[in-house]
Amino acid sequence: MELNYEKCHELFEIDKGCLIRRVDTKGTAKAGTMAGTLNNGYLHVRVDGSRAYVHQVIFFMTHGYIPAYIDHIDGNKLNNRPENLRESTSSKNACNALKKAGGSSQYKGVSWDKKRCMWRAGIKVNGKSFNLGDYKCESKAAEMVDKATRGSYGEHGTYNFPREGERSCLRN
C-alpha cells in the first residue's frame, strides 16, 4: 500500500486517535465527521480509492512512513492515538497478543503434556519455537514463560503475571 503524505493531510486531521474528515466525500460523509469503517476489529478508510487501516494512516501522518508492522501498545485495536502506536515486528506483534481462547491451560504459553502428565512451557521467538521445560505446577510453567518473554520481548510482551507497567495476556 502506498499512501501520499500530502493527500492524507488534505483529507484528514488527527484528533484523539481518530481521523476527522477535512472535506466532504462524494457520498454522504461530511467534513468534520469521524472517518472509518469497522472491519475485523480495525477501522479502515479509503484514500484515493485504496483501503488503508486508520492506525496505518495515523502512523504515516505522524511519522512520514508506514512500517511493516504497527503495534497497538495497549492491545486495543480501536485506540489509534499516536502515542499508542509503535513500530513492531511480526514476532513482537504476535507476542503482544492476548492468550487464545480454549487450550488446555489457563495461561499463555503453557499446555498439558498427556504422555508426561506435566505442564509444558514454550515460547516462540522470530518464528522459532523454544521448549522451556515441563513442570508439575501449571503456574510455575507460566512463570517460566513470563521470564523468557521478558528476556525476548521486554515491553512488547504480554504476561501471565504482569509486573507494574506490564500488560496481562489473560482475557477478562
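Residues numbered from 1 in each chain as written. Predicted model: local features only at pLDDT ≥ 70, side-chain atom pairs only at ≥ 80, totals over all residues. Heavy atoms only, no water.

A. Up close: the overall build of the protein. From N to C terminus, the protein includes 4 helices and 13 strands. Rg of the C-alpha trace for the protein: 20 Å, well past the compact-globule value of 16 Å for 172 residues, more than 25% over. For the protein, buried positions account for 37% of its 172 residues. Intrachain contacts of the protein at a sequence separation of at least 6 include 41% that bridge at least 24 residues. Put simply, the protein shows about 10400 Å² of open surface, and 49% of that area lies on carbon and sulfur atoms. (Helix = DSSP H or I, 4+ residues; strand = E, 2+ residues; numbered from the N terminus. Rg over C-alpha atoms; globule rule 2.2 N^0.38 Å. Buried < 20%, exposed > 50% of the residue type's maximum accessible area, 1.4 Å probe, protein only. Contact = heavy atoms within 4.5 Å. Areas by Shrake-Rupley, 256 points an atom, 1.4 Å probe, with all protein chains shown as cover.)

B. Structural view of the environment of Asp-24. Locating Asp-24 in the fold gives a position in the loop between β2 (18-21) and β3 (34-35). Residue classification places Asp-24 among the partly exposed positions, given a relative accessible area of 47%. Discounting chain neighbours no more than four positions away, the residues touching Asp-24 are Ala-29, Lys-30 and Ala-31. Only 2.7 Å separates the side chain of Asp-24 from the backbone nitrogen of Ala-31, close enough to count as a polar contact. (Polar contact = N/O pair within 3.5 Å; in protein donor to acceptor, adjacent residues only side chain to side chain.)

C. Structural context of the packing of aromatic side chains. In this structure the tally under the stated criterion is 5 aromatic pairs. Both rings, one in Phe-59 and one in Tyr-65, keep their centres 5.5 Å apart while their planes meet at 90°; by these two values the pair is edge-to-face. On the accessibility criterion, Phe-59 (4% relative accessible area) is buried. Above the face of the Tyr-159 ring, Arg-150 is positioned so that its terminal group lies 4.5 Å from the ring centre. (Phe/Tyr/Trp six-rings, centres within 6.5 Å; stacked < 30°, edge-to-face > 60°. Lys NZ or Arg CZ within 6 Å of the ring centre and 35° of its normal.)

D. Layout of helix α2 (residues 54-63). Extensive coverage of α2 is indicated by the burial of 8 of its 10 residues. Among the residues of α2, Val-54, His-55, Gln-56, Val-57, Ile-58, Phe-59, Phe-60 and Met-61 are the ones counted as buried. Looking one or two residues past α2, Gly-64 carries a phi angle of roughly 85°, positive in sign.

On their own, these measurements won't tell you what the molecule is for.
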